[in-house]
Amino acid sequence: GIAETYQSTVQFLSLAYDQMEAWDGKTGEGAADNSADATFHENDGGGGGIDHNANDAHDVEPTKQSSSSTQAKSATPASEALTTIRTSFLLVASPFRPYQRSLAEAERNPMGEAATMVAKDIRNVASGSAGAGLAGLEDAAERFGDLAPFMFPLADAAMTRFELLNSGYNAPATLTSIDTLLADHASELAIAMGTLSGNATHGRSGSGGGPDFDEQYVHCALEILRIAGAFKRNLRSFEYSVRDRLRNLANQMLDSALEIPEEKATAGTGGGTAQIPDSLDMTQIRTMLSKEACDPPRTLVDDGTGVKYPAPVVELRRLAGPSSKKASADFLQPPLFPKALDCTSRLARSCQSFVFEVCYAIPERHLRGISALPVWKQEGSGSGAEEDSYGILPQPFITQVGEHMLALVQALEPFASDKEALGLANEVMDGIREVAFQPWKEFVAAAGCSFSDKDEYDQLNVLMDGKELVRYFLDDSTDGLPALDQEDDEDEEDDPEEKATTAFCNLWLDVVGLAVTGRLLERTMRIPRLGRKGAEHLASDLNYIRNVFTALGVSGHPHPLLGYIAKLVVLDEDTLRSRNRDRQSEDRGPASEVIRRAELRVAYVRSISI
C-alpha cells in the first residue's frame, strides 16, 4: 500500500544520504559555485570523500564522527547545502504529499468498509439468536467475544500510518476519525446486546411458572458482561499507547537536523550556523517531509509554563497530557476518544441490563399479577391477629421468588471464581444499581408521588439505599428492623480473591434484591382492597422475603420498607389513624412524602379513614 511504499522511500533517502560524499566547504570565490554544483553520487570508497588536498588558506577540513548525529560535514556554505538536500528529498517524496495532507479523509473509506462488514456480522449474530435457546445464547456469546475487539488492530494500524505519514501533524483529524470508528463499533455492539437480551428473556418468559431457572443462562449473560469489560480495557490500553506515541512525536518535531538557521529561529529550536548532519535516520526525514506536506502554523505558542514551542508541539503535548509518572493522582485527562468512551458506557449499560434481565426475569414473572389475587380481600374471623397469623404460610408466588434468590448465589459463584473473567467484568460494574431503577420509579408513582427530572436520580438512590428512611417511619415502628449502618468485620482475614468473588456476587444479589423489593412494594400499593385476613397474608409474604434476604447476608437487605409495610398492613386502626394525623405537621422532603403517601395508601386499601 501507500504507507509501505512511503516507508521504503524514506528508507532509500536515509541510505542515499549515508552514501553521499562530504560537502566541500570552501569559502572563497568559488564557494557558492561549489555548493550549487553539489549533487548526490555514490561513495567511491575514498575514505568518506573528504577533500584533504585543499590548498586555500581558508579551507576547513571537517572530521567525520559517527557518534554524533549533528556533526557538521562542512561548515560553510552549509545553508545552501541543506537547502539542496531538502529540495531533493521533497522532490523524491512529492507523490505522497496529497495523501499526507488529507490522510484522515483518505483513511475514512477503507476503515468504513471494514466497519460495515463487522457491523453486519454483529447484527447477524444478534438476530440469529432469536428462538435458539441456551445453545444459541452460548454461540452468540462466543462469536461476540471474537467480534468485539476486531476494530482495535485496525485503529492501531491507522495510528501507525499517521505516525509514518504525518509524524504528528494534523493529529486532531486522525484522532477524530479513529474515535468515530471505535464509537460506531461500540454502538453496534450495544444495540446487539439489547437485541440478544430481548431474545433471551422473551424465549424464557413465555413458559409457565415452573422451576425453569437454568444457571447456564446466568453464566452466558456474565460472559457478555465480560466482553464489555474487555472492550473497555482495550480502549483504555489503546488510549494510553496513543498518548505515549503523541509525546514521542512531539519530541521528534523539535529535531532540527534538516532545518536551516532561519527556520530554526522561527521554530524556536535555535539558530546560528547551519550544520549538515553526519547521518539522517528515517524519523528525522519523515518529520521534515511531514512538516512540509502538512504545512502547520509556524508560530510559537506558550505551553502554559512560560516556555514557547511550535504550535503543533504544544497541541500534541496537550492531547497527550502528562506522563503517568508526572501526573498527579487527582489529575483527570480529557479523553482522546470521547465518543468511543461514551458508546463504551452505553455498551456497558446494555450488558448490565442483559445480566439483570436474565437474573430478574423469574421474580418479575411471579410478582407481575399479584395485585389482583383474590386472597387480599379476605376478611376472616377469630381471635387476635397474632394467633391468626401464627399459622399463615407464605404464598407460592413469594416462596418461588425466595428460592430463586437463593439459587442465584450458586449461579453467580462459578463465574466470579474465575480471576481473569471477574477482573474484566468489574471494569463495567460502575452505576450497576441503575438497572434496578424502574420498579422503584413505579413504586413512587403507585404511592401517588413523582420526582422532578432534576432530582429523580438522587431521590431514587435515597429510597433504594434505605438508610435515611427509618427516621421518617411512624413512632415505635422500627422495632425489629435491621440496622443498616452496621458493617460485618468477621471476614477481614479472608483471602483477597475470595473477598473479590463475594463482593461481585453481592453486587448482583443487591441489584436483583432491590428490584424484587421495589416491585413487591409497587404491587402492594396497587392492591385495590385489603381485608383483615388478606393483610395477614401480605404481612406473612413480606416477612418471608425479609427472612430470605437476611439469610443471603447482603449489606442493606432486607430493605427497611419491607418490614415497615408489613407492620402497617396489620397495625391497629386507631394507632395508624392517630399517627398519620400527627405526621401532618412534619416537614416533608421527597423521601418522607413517598413514605407518607404509602401510609395513606395502606390506610385507604384497609378502609381506614385518615
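**Comments concerning the overall build of the protein chain**
Okay, so step 1: Assigned secondary structure in the protein chain consists of 23 helices and two strands.
Okay, so step 2: When contacts within the protein chain are restricted to residue pairs at least 6 apart in sequence, long-range pairs at least 24 apart make up 82% of them.
Okay, so step 3: Summing over all exposed atoms, the protein chain offers an accessible surface of approximately 29100 Å²; the carbon and sulfur share of this is 49%.

**As for unusual backbone geometry**
Okay, so step 1: In the segment running from His-557 into Pro-558, the intervening peptide bond is cis, with an omega of 0°.
Okay, so step 2: Looking at the element boundaries, Pro-558 is found in the loop between α20 (532-552) and α21 (560-568).
Okay, so step 3: Positive phi outside glycine occurs at Asp-295, with the angle close to 50°.
Okay, so step 4: By the element assignment, Asp-295 lies in the loop between α11 (282-294) and β1 (300-302).

**Some thoughts on a negative patch on the surface**
Okay, so step 1: A cluster of like negative charges, contributed by Glu-138, Asp-139, Glu-142 and Asp-146, occupies part of the molecular surface.
Okay, so step 2: Along the chain, Asp-139 falls in helix α6 (residues 133-147).

**Concerning the confidence of the model for the protein chain**
Okay, so step 1: The pLDDT averaged across the protein chain works out to 82; a share of 79% of its residues lies at or above 70.
Okay, so step 2: Segment residues 24-76 is flagged for pLDDT under 50; beyond a separation of four residues in sequence, or across chains, it makes 76 contacts in the model.
Okay, so step 3: Segment residues 382-389 is flagged for pLDDT under 50; beyond a separation of four residues in sequence, or across chains, it makes 11 contacts in the model.

**A word on the nonpolar core**
Okay, so step 1: Phe-89, Phe-144, Leu-225, Leu-246, Leu-289, Phe-504 and Trp-508 are the most contacted members of the largest nonpolar core, which totals 168 residues.
Okay, so step 2: Per element, the largest residue contribution to this core is 17 residues, and it comes from helix α9 (residues 215-253).
Okay, so step 3: Those residues in contact with Trp-508 that lie beyond four places of it in its chain are Leu-222, Leu-225, Gln-352, Val-355, Phe-356, Leu-412, Met-429 and Ile-432.

**Notes on the pattern of salt bridges**
Okay, so step 1: Scanning all chains against the criterion turns up 26 salt bridges.
Okay, so step 2: Between Arg-226 and Glu-223 there is a salt bridge, with the nearest N and O atoms lying 2.9 Å from each other. Taken together, the positions of Arg-226 and Glu-223, both in helix α9 and three residues apart, correspond to about one turn of that helix.
Okay, so step 3: Judged by relative accessible area, Arg-226 falls into the partly exposed class, the value being 23%.

**Some words on the packing of α9 against helix α15 (residues 396-416)**
Okay, so step 1: Close contact between α9 and α15 brings their axes to 9 Å; oriented N to C, the two are set at 45°. As far as their axial angle goes, α15 and α9 are oblique. The two elements α9 and α15 cross, and the hand of that crossing is right-handed. Contacts between α9 and α15 pair Glu-215, Val-218, His-219, Leu-222, Glu-223 and Arg-226 from the former with Ala-407, Leu-408, Gln-410, Ala-411, Leu-412 and Phe-415 from the latter.

**A short note on the packing of aromatic side chains**
Okay, so step 1: Counted according to the given criterion, the structure contains eight aromatic pairs.
Okay, so step 2: A ring pair is formed by Phe-473 and Tyr-564, whose centres lie 3.9 Å apart and whose planes are at 5°; its orientation type is stacked. Taken together, the residues span a long stretch of sequence, with Phe-473 in the loop between α18 (456-465) and α19 (496-525) and Tyr-564 in helix α21 at a distance of 91 residues. The pair formed by Phe-473 and Tyr-564 is uniform in burial state, with each residue classed as buried.
Okay, so step 3: The ring centre of Tyr-309 lies 4.7 Å from the NZ or CZ of Arg-317, which sits over that ring.

**Examining the side chain of Ser-350**
Okay, so step 1: Following the sequence through the fold, Ser-350 ends up in helix α13 (residues 338-367).
Okay, so step 2: Residue Ser-350 is classed as buried on the basis of its relative accessible area, which comes to 14%.
Okay, so step 3: Setting aside residues no more than four positions away along its own chain, Ser-350 makes contact with Ala-190, Met-193 and Gly-194.

**Overview of helix α12 (residues 311-320)**
Okay, so step 1: Judged by how many residues are buried, α12 sits mostly within the fold: seven of 10 residues are covered.
Okay, so step 2: Among all positions of α12, only Ala-311, Pro-312, Val-313, Val-314, Leu-316, Leu-319 and Ala-320 are buried.
Okay, so step 3: Taken from the residues just after α12, Gly-321 is the one with a positive phi, measuring 75°.

**Here's the deal with the environment of Met-464**
Okay, so step 1: By secondary structure assignment, the location of Met-464 is in helix α18.
Okay, so step 2: Note on Met-464: relative accessible area 1%, which makes it buried.
Okay, so step 3: Separated by 28 residues in sequence, Met-464 and Ala-436 place their C-alpha atoms 9.2 Å apart.
Okay, so step 4: Those residues in contact with Met-464 that lie beyond four places of it in its chain are Arg-433, Ala-436, Phe-437, Trp-440, Leu-514 and His-559.

Definitions and limits used
Residues numbered from 1 in each chain as written. Predicted model: local features only at pLDDT ≥ 70, side-chain atom pairs only at ≥ 80, totals over all residues. Heavy atoms only, no water. Helix = DSSP H or I, 4+ residues; strand = E, 2+ residues; numbered from the N terminus. Contact = heavy atoms within 4.5 Å. Areas by Shrake-Rupley, 256 points an atom, 1.4 Å probe, with all protein chains shown as cover. Patch = residues over 30% accessible without salt bridge, like charges linked within 9 Å, V, L, I, M, F, W, Y side chains within 5 Å. Salt bridge = Lys/Arg side-chain N within 4 Å of Asp/Glu carboxyl O. Lys, Arg positive; Asp, Glu negative; His and termini not counted. Charge placed at Lys NZ, Arg CZ, Asp CG, Glu CD. pLDDT = per-residue confidence, 0-100. Core = buried A, V, L, I, M, F, W, Y, C linked by side-chain atoms within 4.5 Å. Buried < 20%, exposed > 50% of the residue type's maximum accessible area, 1.4 Å probe, protein only. Axes fitted to C-alpha atoms, helices over the stretch in contact; angles between N-to-C directions. Parallel < 35°, antiparallel > 145°, perpendicular 65-115°, else oblique. Left-handed = near helix turned anticlockwise from the far one by under 90°. Phe/Tyr/Trp six-rings, centres within 6.5 Å; stacked < 30°, edge-to-face > 60°. Lys NZ or Arg CZ within 6 Å of the ring centre and 35° of its normal.

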